Amino acid sequence: MREPPAHPTPRDDVPLEVLYELALSIGNSLDLKENLEQSLLAYLRTLNCYGGAVFSGRALSDPLVSIPRPRTIASHRGYQVAMENPGWRPGRDPTLPCQGQGPAGFHHHWFPLEGFGWLLLLRSPAPLEEHLQKALLEINGKLARSAWGCRDNAAHLWESRQLLFNVLDTIPARVFWKDRLLRYSGCNTAFAKDAGCSSPRDLAGRDDTSLGWAERAEQYRRDDEAVLASGVPRLRYEEEHQLPDGTTGWFRTSKIPLRDEAGEVIGLLGVSEDITREKRARERLQNQLRERETLLAEVHHRVFNSLSVIASLLRLQAQEEADPARAFAAMQLRIETMAMVYQHLYCMDDHAALDMDVYIREAAEKIRITHPQGARVRFRLEIDPLAMGLDQAVPCALILNELVSNALIHGYNRGQEGEILIRLARWGDDLMLRVENDGAFLPREFSAQSQGRLGLTLVQILADQLEGEALPPEPGPPVAFAVRFPRRGASFYTNG
């Protein structure tokens, strides 16, 4: 902004059209400081003044604007005299302009800006004519109203700005904006906290290389430069983001070019939505889907095998039993024992592994109440916390059925009371399923191979299927049958 000459040519006969031009030049800006500077410069040029200043209220220590600059005008003796003789001295009408004279012929003029403050003009060598001073009262009124309008506008802008930041801090997203040099110009509080800053103000002027996610700064720079160069938004893409606590989160981000009034790209706006929970939930669902697809294929295979086993059992049972009703009951129990395996798997969170403690307790009770001798026999279970895959669970369930049924039928066939112990536990690197009873002892000449009974034959076949072995029976006391087999996919877990 050009300053007026140091020694303007005196000109007291300012025509009315020039004053009219002066009035038109006031109030052309919405910014308070810019408006006052433009208006003051118009005063100085029109009225051939050396310098001037505008003050708010009666605070003379710091003018809102001054021409020349505040430091320069403050060193001028004529200005200093004017400051020592303000326009509101006691007994003087504050609505009328007042004047005084300082050294070197500099005259100062104070004009009230009603409701706003004061205007000071410095002139040399002659003061302003009285008729000019009075003519300026109306123009000064317009300047005061314009100044108040700018101040009100600034207040509204501040309120709007605060409202905008409140909105930005309320929405469930991270919002930021950068200049063309990819320095942060602003952000909302959520984004500032992710960046490790206490407030958005701490982020201003910084770039990604100085923040907690510096290792990803190069990728962010490439993304930003692509948006700035093309002027095309990049919308709703997913990216990893380093958080202040060192963990990694997932965000769905959009970056949009910011343009000025001429349409030139001057920066970019970014909006990021935290989708970490959504991402992890989606990954869990995908893993569960893969597990269920695997389980479905496995169940299809196992059901086919189970049906084949049932068909074979029916043929063997038909060859051995003369009593169709007894054969049917035995086969029904075997089928229900296998069906319970699939039912338990369906009800568990992990559809690929069976909790053997829960299953064996329910299966043993089912076998006990099915047999007539079961009402007089107690069951005691010692089952290690063990999860077993379907390929082992079905043969193990059938072995359990055969050994417990055999103990009830042959150990307590005289109606005596007793106890059956079922144990599934580690045995070295393998597992062992053992069934003991305190009923009738086995004959000395007893052997599983020589008896040729279907139940013990099935136990041996199923032990082979488990890649294990049926251990020699113990004739008692107590009578015990056991099967040892490798752990393979079985896993132990901690109770509680």
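None of the values given here were measured: they were computed from a predicted structure.

## Some words on the pattern of salt bridges
A side chain of one charge can pair with a side chain of the opposite charge if their charged atoms are brought near each other.
Piece 1. Considering all chains together, one arrives at 29 salt bridges under this definition.
Piece 2. A salt bridge links arginine 222 to glutamate 218, with the shortest nitrogen-to-oxygen separation between them at 3.6 Å. Separated by 4 residues within a single helix, arginine 222 and glutamate 218 lie in helix 7 (residues 217–230), roughly one turn from each other.
Piece 3. The exposure class of glutamate 218 is partly exposed, given its relative accessible area of 39%.
Piece 4. Put simply, glutamate 474 and arginine 434 hold a salt bridge, and the shortest N to O gap is 2.8 Å. Note that glutamate 474 is positioned in the loop between strand 16 (469–470) and strand 17 (479–486) and arginine 434 in strand 15 (residues 430–437), a separation of 40 residues in sequence.
Piece 5. Glutamate 474 sits in the partly exposed class, given a relative accessible area of 33%.
Piece 6. Within the structure, one salt-bridge network assembled from shared partners comprises Arg380, Glu382, Glu419, Arg423, Arg434, Glu436 and Glu474.

## Focus on the pairing of strand 6 (residues 174–179)
Piece 1. Counting buried positions over the 6 residues of strand 6 gives 5, a clear majority of the element.
Piece 2. In the sheet, strand 6 pairs with strand 10 (residues 265–274) via 6 bridges, with the strands oriented antiparallel. In the strand pairing of strand 10, tryptophan 177 is matched with leucine 269.
Piece 3. In terms of strand pairing, strand 6 meets strand 7 (residues 184–187) through 3 bridges, oriented antiparallel. Bridge pairing in strand 7 links tryptophan 177 to glycine 186.

## Structural notes on the sheet that holds strand 10
Piece 1. The sheet built from 5 strands is open, its strands ordered 7-6-10-9-8 with antiparallel pairing. Whereas interior strands pair on both sides, the edge strands pair on one side only; in this sheet they are strand 7 and strand 8 (234–242). On average, adjacent strands in this sheet sit at an angle of 25 degrees to one another, irrespective of strand direction.
Piece 2. With 7 bridges joining them, strand 8 and strand 9 (residues 248–259) adopt antiparallel strand pairing. Opposite histidine 241, over in strand 9, you have glycine 249 as the bridge partner.

## Side note on the nonpolar core
Piece 1. Ranked by size, the top nonpolar core spans 46 residues in total, and within it Met356, Tyr359, Ile360, Ile422, Leu424 and Phe485 carry the most contacts.
Piece 2. At 12 residues, helix 11 (residues 390–411) tops the list of elements feeding residues into this core.
Piece 3. Discounting chain neighbours no more than four positions away, the residues touching isoleucine 422 are Ile360, Ala364, Phe379, Arg380, Leu381, Glu382, Ile383, Leu400, Val404, Leu433 and Arg434.

## Brief notes about the side chain of arginine 216
Piece 1. Looking at where arginine 216 falls in the secondary structure, it is placed in the loop between helix 6 (189–194) and helix 7.
Piece 2. Leave out the neighbours within four places in its chain, and arginine 216 touches Glu240, His241, Gln242 and Thr248.

## With respect to the packing of aromatic side chains
Geometry of an aromatic ring pair is reported as the spacing of the ring centres plus the angle between the planes.
Piece 1. Under the defined criterion, the tally for this structure stands at 8 aromatic pairs.
Piece 2. Each ring, one from tyrosine 50 and one from phenylalanine 106, has its centre 5.4 Å from the other, and the planes form 70 degrees; the classification is edge-to-face. With tyrosine 50 in the loop between helix 2 (32–47) and strand 1 (51–56) and phenylalanine 106 in the loop between strand 3 (98–101) and strand 4 (107–113), this residue pair connects regions lying 56 residues apart in the sequence. Accessibility classification places tyrosine 50 together with phenylalanine 106 in one group, the buried group.
Piece 3. Here the aromatic residues Phe176, Tyr184, Phe191 and Trp213 are joined through ring pairs into a cluster of three or more.
Piece 4. The residue whose ring lies beneath arginine 234 is tyrosine 237, and the NZ or CZ to ring-centre distance is 3.8 Å.
Piece 5. The ring of tryptophan 250 carries lysine 279 above its face, with NZ or CZ at 4.2 Å from the centroid.

## Digging into the confidence of the model for the chain
Piece 1. Of all residues in the chain, 78% have pLDDT values of 70 or greater, and the mean over the chain is 80.
Piece 2. Contacts of residues 1–11 to residues separated by more than four positions or lying in other chains number 25 contacts, the stretch itself having pLDDT below 50.

## Observations regarding the environment of glycine 78
Piece 1. Of note, glycine 78 is situated in helix 4 (residues 77–84).
Piece 2. Glycine 78 sits in the buried class, given a relative accessible area of 2%.
Piece 3. For glycine 78 and serine 124, which are 46 residues apart along the polypeptide, the C-alpha to C-alpha distance reads 9.7 Å.
Piece 4. Other than its neighbours up to four places away in sequence, glycine 78 contacts Phe106 and Leu122.

So, how was this worked out
Residues numbered from 1 in each chain as written. Predicted model: local features only at pLDDT ≥ 70, side-chain atom pairs only at ≥ 80, totals over all residues. Heavy atoms only, no water. Salt bridge = Lys/Arg side-chain N within 4 Å of Asp/Glu carboxyl O. Helix = DSSP H or I, 4+ residues; strand = E, 2+ residues; numbered from the N terminus. Buried < 20%, exposed > 50% of the residue type's maximum accessible area, 1.4 Å probe, protein only. Pairing = 2+ DSSP bridges. Axes fitted to C-alpha atoms, helices over the stretch in contact; angles between N-to-C directions. Core = buried A, V, L, I, M, F, W, Y, C linked by side-chain atoms within 4.5 Å. Contact = heavy atoms within 4.5 Å. Phe/Tyr/Trp six-rings, centres within 6.5 Å; stacked < 30°, edge-to-face > 60°. Lys NZ or Arg CZ within 6 Å of the ring centre and 35° of its normal. pLDDT = per-residue confidence, 0-100.

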